[in-house]
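Single-letter residue listing:
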Amino acid sequence: SSATSLPRARTIGPLPRPENVKAKMSRFPGIIKVSCGAIKGTQTYVYEYRLHDLPNQPWIQIKLSTKSREEIPGLVSGQNYGFRMAAIGAAGQSPWSDEAVCMAP
């Protein structure tokens, strides 16, 4: 039957979790640069952070971006922060990345 020959949109399956997540001090106080390897098919990257030195701190969403590299402002100098990322595409959100830790300058 001709019903089976309808054009199908190419769907991208669930995205892989972000790899190579890095958190680095910027030259400016209270700003950390967070990045990951770009993932094909990503519409939005989710950035979360938490205070690293206190146990069982909740993750807090800090930014949604179309970019895999962002500066996170407003952090407390001398405080250690953990960051993680996820990628959102047509099939939903990827698993979370490993945590990257950095002290805010």
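Residues numbered from 1 in each chain as written. Predicted model: local features only at pLDDT ≥ 70, side-chain atom pairs only at ≥ 80, totals over all residues. Heavy atoms only, no water.

**Q** Is there a simple way to explain the overall build of the chain in this structure?
**A** When its secondary structure is counted, the chain shows 0 helices and 8 strands. In sequence order, the chain lays out its α and β elements as β-β-β-β-β-β-β-β. With 105 residues in all, the chain has 35% of them scored as buried. The long-range share in the chain, meaning contacts at least 24 apart out of those at least 6 apart in sequence, stands at 58%. (Helix = DSSP H or I, 4+ residues; strand = E, 2+ residues; numbered from the N terminus. Buried < 20%, exposed > 50% of the residue type's maximum accessible area, 1.4 Å probe, protein only. Contact = heavy atoms within 4.5 Å.)

**Q** Would you explain the pattern of salt bridges in this entry?
**A** Between side chains of opposite charge, a pair can form as their charged atoms come close. Evaluated as defined, the whole model comprises 6 salt bridges. The closest approach of N and O atoms between Arg 17 and Glu 19, which form a salt bridge, is 3.5 Å. Here Arg 17 falls in the partly exposed class, since its relative accessible area comes to 28%. Linked by salt bridges that have partners in common, Arg 17, Glu 19 and Asp 98 make up one network. (Salt bridge = Lys/Arg side-chain N within 4 Å of Asp/Glu carboxyl O.)

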